[in-house]
Amino acid sequence: LVRGPTSPTLQDFMSLAKARSMCRSKEDPDNPGDLGKIFPGRMKEAFDKVCFDPRTALDTPHGPIRTESGYHIIWLTERVGVGPESAAK
């Protein structure tokens, strides 16, 4: 996803995930790349830093984020709560 005269959309993100992702989430026919709700501490620390930081903007791409598994682009559609019960989607 490249930022230019027009901002990327969630549809752009899903198209890229379907075409290029190595994650099984790309196989979801309705929402390629969607990991569903994630909770603090269940993903890599780099994910938590992006997903649960209140300064991270919603509905825009973030990354690439590097983990031991490779590089990732994250698109947050919502963030709920704070603490162990919080979840990001």
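Look a little higher up for the structure.
Residues numbered from 1 in each chain as written. Predicted model: local features only at pLDDT ≥ 70, side-chain atom pairs only at ≥ 80, totals over all residues. Heavy atoms only, no water.

Caption draft 1: How the structure looks around the overall build of the chain. The helix and strand inventory of the chain stands at two helices and four strands. Counting helices and strands in the order they occur from the N terminus, the chain gives α-α-β-β-β-β. Buried positions account for 30% of the 89 residues belonging to the chain. Taking contacts inside the chain between residues at least 6 apart in sequence as the whole, the part at least 24 apart equals 36%. For the chain, the accessible surface area stands at approximately 6,300 Å², while carbon and sulfur atoms represent 52% of it. (Helix = DSSP H or I, 4+ residues; strand = E, 2+ residues; numbered from the N terminus. Buried < 20%, exposed > 50% of the residue type's maximum accessible area, 1.4 Å probe, protein only. Contact = heavy atoms within 4.5 Å. Areas by Shrake-Rupley, 256 points an atom, 1.4 Å probe, with all protein chains shown as cover.)

Caption draft 2: Representation of the packing of aromatic side chains. Inspection of the entire model under this criterion finds one aromatic pair. Where Phe 13 meets Trp 75, the ring centres are 5.9 Å apart and the plane angle is 40 degrees; that geometry is what we call tilted. On the criterion of sequence distance, the pair formed by Phe 13 in helix H1 (residues 10–20) and Trp 75 in strand S2 (residues 70–75) is long-range, its members being 62 residues apart. For Phe 13, a relative accessible area of 11% corresponds to the buried category. By relative accessible area, Trp 75 is classed as buried at 9%. (Phe/Tyr/Trp six-rings, centres within 6.5 Å; stacked < 30°, edge-to-face > 60°.)

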